[in-house]
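# Fold and geometry: a report
The primary structure of each chain is shown beneath.
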Amino acid sequence: MKKTLSYPELWKQKQRELPVKGSPDAEWQKMRVLLDQRLPVAAVTKKPSRFKVPKWGLKMFVAVSTVAAVYVGSRLYLPKKHQDTVKPALLQTHRDSLAPAVKSVSSARDAAGSAIRAGKPGFIPIVSGVAPRLIDHTKLNNDTSKSQRIVADSIRAPSFLDIPVHRDSLLSSPAEAVPLKPVRDSISPVDLSKKDAQKDTQDEGGKSLKKKKRRKVSIFY
Amino acid sequence: MNVTKKQAQKLVEACKLNDRGAQEALYKYYYADMMQVCQTYLAEEELAREAFNTGFLTVFESIQKFDPERGEPGAWIRKIMIHASIDLYRAELKFGNAGDDAPEPEIEFIPPPVLGKLYFEDILRHIRTLPYATQTVFILSVLDGFSHREIGEQLNISEGTSRWHLSEAKKQLRRLLENKPAAAELMERGEGK
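So, how was this worked out
Residues numbered from 1 in each chain as written. Chains lettered and ligands numbered in written order. Predicted model: local features only at pLDDT ≥ 70, side-chain atom pairs only at ≥ 80, totals over all residues. Helix = DSSP H or I, 4+ residues; strand = E, 2+ residues; numbered from the N terminus. Buried ≥ 20, exposed ≤ 12 C-beta atoms within 10 Å, placed from the backbone. Contact = placed C-beta atoms within 7 Å. pLDDT = per-residue confidence, 0-100. Core = buried A, V, L, I, M, F, W, Y, C linked by C-beta atoms within 7 Å. Nonpolar A, V, L, I, M, F, W, Y, C, P; charged D, E, K, R; others polar. Axes fitted to C-alpha atoms, helices over the stretch in contact; angles between N-to-C directions. Parallel < 35°, antiparallel > 145°, perpendicular 65-115°, else oblique. Left-handed = near helix turned anticlockwise from the far one by under 90°.

The subject of this paragraph is the overall build of chain B. Across its full length, chain B holds eleven helices and zero strands. Counting across all 193 residues of chain B, residues that qualify as buried make up 36%. Of the contacts made within chain B by residues no fewer than 6 positions apart, 71% connect residues no fewer than 24 positions apart.

Turning our eyes to something else, we now look at the overall build of chain A. Summing up its helical and strand segments, chain A has eight helices and zero strands in all. The order of helices and strands in chain A, counted from the N terminus, is α-α-α-α-α-α-α-α. With 221 residues in all, chain A has 10% of them scored as buried. Partitioning the contacts of chain A with sequence separation of at least 6, the portion at a separation of at least 24 is 81%.

Our focus in this paragraph is the confidence of the model for chain A. Do not read the fine detail of predicted coordinates wherever pLDDT is low. Looking at chain A, pLDDT values average 66 and 38% of them are 70 or higher. Across residues 186–192 of chain A the pLDDT falls below 50, and counting only partners more than four positions away or on other chains, this stretch makes 16 contacts in the model.

Turning next to helix 2 (residues 20–29) of chain B. Of all the positions in helix 2 of chain B, only Gln23(B), Ala25(B), Leu26(B), Tyr27(B) and Tyr29(B) are classed as buried. Looking at the buried positions of helix 2 of chain B, the neighbouring elements they touch are helix 2 (24–38) of chain A together with helix 1 (5–15), helix 3 (31–41) and helix 4 (45–61) of chain B.

Attention now goes to the nonpolar core. Residues and elements named next belong to chain B. In terms of nonpolar packing, the biggest core is built from 48 residues, with Met34, Cys38, Phe52 and Met81 touching the most fellow members. The element that contributes the greatest number of residues to this core is helix 8 (residues 132–143), accounting for seven residues. Sequence-distant contacts of Met34, defined by excluding residues within four places in its chain, comprise Phe52, Gly55, Ile77, Arg78 and Met81.

So, about the confidence of the model for chain B. All names here are of chain B. Looking at chain B as a whole, its pLDDT mean stands at 84, while 83% of the residues score no less than 70. Per-element mean pLDDT across chain B ranges from 58 in helix 11 (residues 181–192) up to 93 in helix 3. If you check the scores for this complex, the pTM reads 0.53 and the ipTM reads 0.79.

On to the environment of Ser167(B), then. You can see Ser167(B) is positioned in helix 10 (residues 159–179). Sequence spacing of Ser167(B) and Val137(B) is 30 residues, and the spatial spacing of their C-alpha atoms is 9.7 Å.

Taken residue by residue, the interface counts 26 residues in chain A and 32 residues in chain B. For the side of chain A that touches chain B, the element with the most residues is helix 2 of chain A, which contributes eight residues. Its residues assigned to classes, the side of chain A that touches chain B shows 15 nonpolar, two polar and nine charged.

Turning our eyes to something else, we now look at unusual backbone geometry. All names here are of chain B. Even without glycine at this site, Asn18 takes up a positive phi of about 60 degrees. Along the chain, Asn18 turns up in the loop between helix 1 and helix 2. Judged by the 19 C-beta atoms lying within 10 Å of it, Asn18 is partly exposed. Positioned with a positive phi, Asn156 is a non-glycine residue whose angle comes to about 60 degrees. Along the polypeptide, Asn156 turns up in the loop between helix 9 (148–155) and helix 10. Using a count of 10 C-beta atoms within 10 Å as the deciding quantity, one classes Asn156 as exposed.

Turning to the packing of helix 3 of chain B against helix 5 (residues 73–88) of chain B, a few remarks are in order. Residue and element names in this part refer to chain B. Helix 5 packs onto helix 3 with a crossing angle of 30 degrees between their chain directions and a minimal axis gap of 9 Å. When the axes of helix 3 and helix 5 are compared, the pair comes out roughly parallel. Judged by the twist between their axes, the crossing of helix 3 over helix 5 is right-handed. Residues Met34, Val37, Cys38 and Tyr41 of helix 3 lie in contact with helix 5, whose contacting residues are Ile77, Arg78, Met81, Ile82, Ser85 and Ile86. Considering only residue class, the contact of helix 3 with helix 5 consists of eight nonpolar, one polar and one charged.

What follows deals with the packing of helix 1 of chain B against helix 2 of chain B. All names here are of chain B. It is the contact of helix 1 with helix 2, at a shortest axis distance of 8 Å, that shows an interaxial angle of 135 degrees. If you check the angle between helix 1 and helix 2, you find them oblique. Read as a crossing pair, helix 1 and helix 2 show a hand that is left-handed. Together, Ala8, Leu11, Val12, Ala14 and Cys15 of helix 1 and Ala22, Gln23, Ala25, Leu26 and Tyr29 of helix 2 make up the contact between the two elements.

Before going further, it helps to spend a moment on the environment of Cys15(B). Tracing the backbone shows Cys15(B) in helix 1. As a C-alpha pair, Cys15(B) and Glu61(B) span 46 residues in sequence and 9.6 Å in three-dimensional space.

So this is what it looks like as structure tokens:
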């Protein structure tokens, strides 16, 4: 069936029969020159991304990152704050636990000193320049040869030669002073209870600080 | 160049980003159609090319304003080409004193069968013999389908003046074709059917 065109369409069809003059490629070169002058490529600064991020995606990202930041912040900051509040309390508790031991050391030293001064039998005036404080006794006690020699020099020699050892002469410089192991055969405990004495003998290795304190007490026997 | 309408739309989108490749593709895609428009309005070849390039420069400069929802890019570019062609020769547009009470011209002033057998180049040659203002109104109305109101706005004349020029153009053109033996014979046959 032949398609009939309306009158305006017929005119348009006639117009399309008009031969086109000129070459598109040649005309484009002229056009390009005009475009470079009027619309240079560098003039367009905004170039949309190939991957467009939707608005809801940005909102979601902001929300998730905020939640993550709050979570991480709470995990990092709050425990530190908790530590800051708990640490002094723990330190105080630790000090309180040490106080009786230190006190007992002081009282033992005082008792021993008064006994020596009074000339009570069984008390040999061994005075250490080391104050009852927290030191690494493990290291000192491991040096057995030195401690034994000092024990021999300070305890046995004076008793064998029957030369009284003056307290002042034993107050050597603190650096030379070495805490000594107790010589239990010749010395009786001063202020330890029976229970504590048993524990002390069981734990020869001396693991806890408290036990080391007790051992130190024995220096003043 | 075979480019579908959808591809033409994509080319327009790329042209909005000042993409030279897309601009070249769009330019070449519409070259033939738009050059024919310019050649219809302007007799001189050089003027037609100038109008074409001026029109396409306007297209690229104002392509950001193009809204695909309102129409096809081809129709939008065609309008710009018509404006560019008329602007280039506007100095020659002399309308004179035309009466506002001109009769509504006959629509099918050339019978369709006769029109179908004529070469457009021959018709255009006859159109070129008319005064420039008259031939411009005729082309705007008959070939590009503008209303008298649109023609009046475009050429800054009244609707009556536009109507008169169209009427005069049709009359003269019919007369010219009747004086041509071959065309007259065709017209006689066409009218007889």
